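If you want the building blocks of each chain, they are given just below.
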Amino acid sequence: MIHGDHPLPLLRDFAEALEGLYVPHHGAVAPAPRLLQFNEDLARRLGLDADRLRVGSERILLGQELPDSARPIAQAYAGHQFGVFNPQLGDGRALLLGEVRDPQGCLWDLQLKGSGRTPFSRGGDGKAALGPMLREYLMGEAMYSLGIPSTRALAVLATGETVQREEPLPGAILVRVAASHIRVGTFQFVAVREQYDLLRLLADYTIARHYADLLAFTGKERYLAFLRAVQERQARLLAQWMGIGFIHGVMNTDNMSIAGETIDYGPCAFLDRYDPATVFSSIDLNGRYAYGQQPRIAHWNLVRLGECLVPLVDADDPEQAVAELSAVLQEFPDQYRLAWRKIFGAKLGLADPGPEDDDLIKEFLQLLKQDGADFTLAFRSLGAYLQELPPAQAATLGIPPVWPSWQGWLTRWRQRLGLARSPSQIGQAMDQVNPLYIPRNHQVEIALAAASRANDWQPWQRLLAVLRDPYTARPELLPYTEPMPADLGPYRTFCGT
Ligand code: AMP
Ligand code: MG
């Protein structure tokens with residue numbers, strides 16, 4: 001054992017620090033728990049003993065045999081859902097078991113999702129169906145493998161229960177690992193109640209946990225710097241989402257992590273044809289959270305965080321505080337633009353893109369939109385083109401040729417790339433940042449349906465393996481490159497609560 005003698009050496013860090021932001025609680029007892037998926041890689045990274053957790057550990061993973069150090073809680077938070085403020089949301093079907101410290105000394109939350117009703121459940125049953133929990137597991141692994149900050153799942157367990165949705169479905173619990181579950185909505189919960197001492201505690205706790213450098217600042221400078229730093233991480237995260245065509249689907253303020261991780265995978269999906277107006281979620285009727293809206297929405301959510309910080313910046317002169325926080329918030333478009341340019345520049349093989357390259361990037365995206373080209377494959381087409389991969393060989397990998405309509409743009413792009421590096425070197429570098437394999441919507445559905453409805457785990461295992469290595473082209477994986485066949489569309493995702 002690396003930590004003590006309990007296989008989950010849980011701490012109660014949040015619970016000790018932030019009384020008032022949770023209720024102590026326990027999960028419902030699952031009648032017949034069964035471990036369906038266990039994330040060995042993640043267990044190892046956390047410094048947990050994977051061998052002890054893999055077999056016979058159901059009750060431990062579900063928080064029914066906790067170490068004395070643990071104090072499981074349901075966390076309170078508020079949030080703007082589709083722009084409408086709800087002062088009390090909270091963990092209605094989740095339970096924070098506590099934190100584990102990894103071998104590097106970093107703290108990680110272990111949270112159950114689907115573990116039963118809590119005082120925050122409102123009308124819900126507190127349960128989760130297997131399909132959506134597997135979906136979250138898969139998406140988290142895909143994002144992590146793409147190099148994008150994300151929560152990850154340590155395990156999925158069947159509960160042995162049936163949960164009633166539109167139809168009866170097998171119940172499941174996800175064991176989720178996050179840098180923390182502190183959300184914009186956590187700050188909103190405290191700010192709207194005008195609990196300013198708790199607000200300062202929450203801010204200082206969050207800074208110590210996620211932005212420890214900022215403890216060097218005192219007074220209002222600390223909270224202004226905090227907002228700027230949260231903003232910077234979000235700007236980068238959003239640019240990363242945009243760079244791989246990720247659509248979160250429910251960017252409510254309660255689904256935005258202060259640590260800057262992608263969190264709360266609900267009706268998320270990946271773009272196929274490039275169109276900024278793309279929406280997959282069945283509940284996003286007005287396209288508020290469409291692909292192209294995401295950076296703007298992130299900024300909107302950050303403004304909500306900024307509002308919460310007013311009393312910490314200047315309690316005596318709120319107008320002055322608003323002015324100073326607004327000045328920070330106004331930096332977001334530039335922060336995002338920089339992150340976007342870096343990511344999209346790299347996607348086009350530009351080692352050091354500058355503002356003068358923005359038009360080149362935008363013109364390429366415009367071509368993709370006009371042609372209805374597949375976003376993911378288009379960038380691999382450029383990489384193959386530079387490496388002069390014979391079209392027949394590219395086709396065996398699922399990489400289409402460059403489109404005839406790109407000719408004028410290709411000339412300008414090649415001029416810009418210059419002669420400092422060989423085209424083939426540039427193409428190889430591009431293949432390191434442009435994935436060939438993303439979670440294709442129909443593949444995700446096939447894998448989830450087989451596993452959750454027919455107990456056939458083969459498609460799931462294969463898809464997971466494919467997504468864990470998204471950049472290396474492998475001819476045997478041709479089907480995983482193909483966009484969803486048009487006759488299956490239009491694709492719709494559901495919240496699946
Ligand atoms: P989500 O959209 O999954 O982020 O959830 C929004 C809010 O609804 C959170 O407060 C959840 O805890 C709550 N919620 C979602 N599903 C359920 C459920 N089945 N039972 C109780 N609460 C739920
Ligand atoms: Mg949520």
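Preceding this section is the structure that the text describes.
Our subject in this report is the structure included herewith. Please read these numbers as outputs of a predicted model, since none were measured by experiment.

### Focus on the pattern of salt bridges
Here's step 1: One pass over the structure, following the stated rule, counts 27 salt bridges.
Here's step 2: Close ionic contact of Glu161 with Lys127 constitutes a salt bridge, the shortest N to O distance being 3.1 Å. Note that Glu161 is positioned in strand β8 (residues 152-164) and Lys127 in the loop between β7 (107-113) and α5 (130-145), a separation of 34 residues in sequence.
Here's step 3: Three or more residues are tied together by salt bridges with common partners; here these are Asp41, Arg45, Glu141, Arg152 and Arg468.

### Focus: the coordination of the magnesium ion (ligand 2)
Here's step 1: On the protein side, the magnesium ion (ligand 2) has Asn255 (OD1) and Asp264 (OD) as donor atoms, found 2.0 to 2.1 Å from it. Of the two residues examined, Asn255 and Asp264, each falls in the buried class.

### A short note on the site of ligand 1
Here's step 1: Surrounding ligand 1, one finds 17 residues, the nearest of these being Gly90, Gly92, Arg93, Arg122 and Gly126.
Here's step 2: Measuring from an oxygen atom of ligand 1, one finds a side-chain N or O atom of Asn255 at 3.2 Å.
Here's step 3: Here an oxygen atom of ligand 1 sits 3.5 Å away from a polar atom, N or O, in the side chain of Asp264.
Here's step 4: Summarising the interface, the protein chains cover 85% of the accessible area of ligand 1, which totals 480 Å² for the free molecule.
Here's step 5: Looking at the shell around ligand 1, its residues break down into two nonpolar, eight polar and seven charged.

### What about the nonpolar core?
Here's step 1: The biggest cluster of nonpolar side chains holds 133 residues, and the ones touching the most others in it are Phe187, Phe344, Leu368, Leu382, Trp413 and Trp460.
Here's step 2: Here this core gets 14 residues from one element, more than from any other, and that element is helix α8 (residues 219-244).
Here's step 3: With sequence-adjacent residues up to four places away left out, Phe344 is seen in contact with Ala239, Met242, Gly243, Tyr291, Ile361, Leu365, Phe375 and Phe379.
Here's step 4: Core analysis: the next-biggest nonpolar cluster, separate from the first, contains 26 residues, Leu46, Leu48, Leu154 and Leu157 among them.

What counts, and where the lines are drawn
Residues numbered from 1 in each chain as written. Chains lettered and ligands numbered in written order. Predicted model: local features only at pLDDT ≥ 70, side-chain atom pairs only at ≥ 80, totals over all residues. Heavy atoms only, no water. Salt bridge = Lys/Arg side-chain N within 4 Å of Asp/Glu carboxyl O. Helix = DSSP H or I, 4+ residues; strand = E, 2+ residues; numbered from the N terminus. Donors = N, O, S within 2.8 Å, 3.2 Å for Na, K, Ca; no water. Buried < 20%, exposed > 50% of the residue type's maximum accessible area, 1.4 Å probe, protein only. Near = heavy atom within 4 Å. Polar contact = N/O pair within 3.5 Å; in protein donor to acceptor, adjacent residues only side chain to side chain. Areas by Shrake-Rupley, 256 points an atom, 1.4 Å probe, with all protein chains shown as cover. Nonpolar A, V, L, I, M, F, W, Y, C, P; charged D, E, K, R; others polar. Core = buried A, V, L, I, M, F, W, Y, C linked by side-chain atoms within 4.5 Å. Contact = heavy atoms within 4.5 Å.

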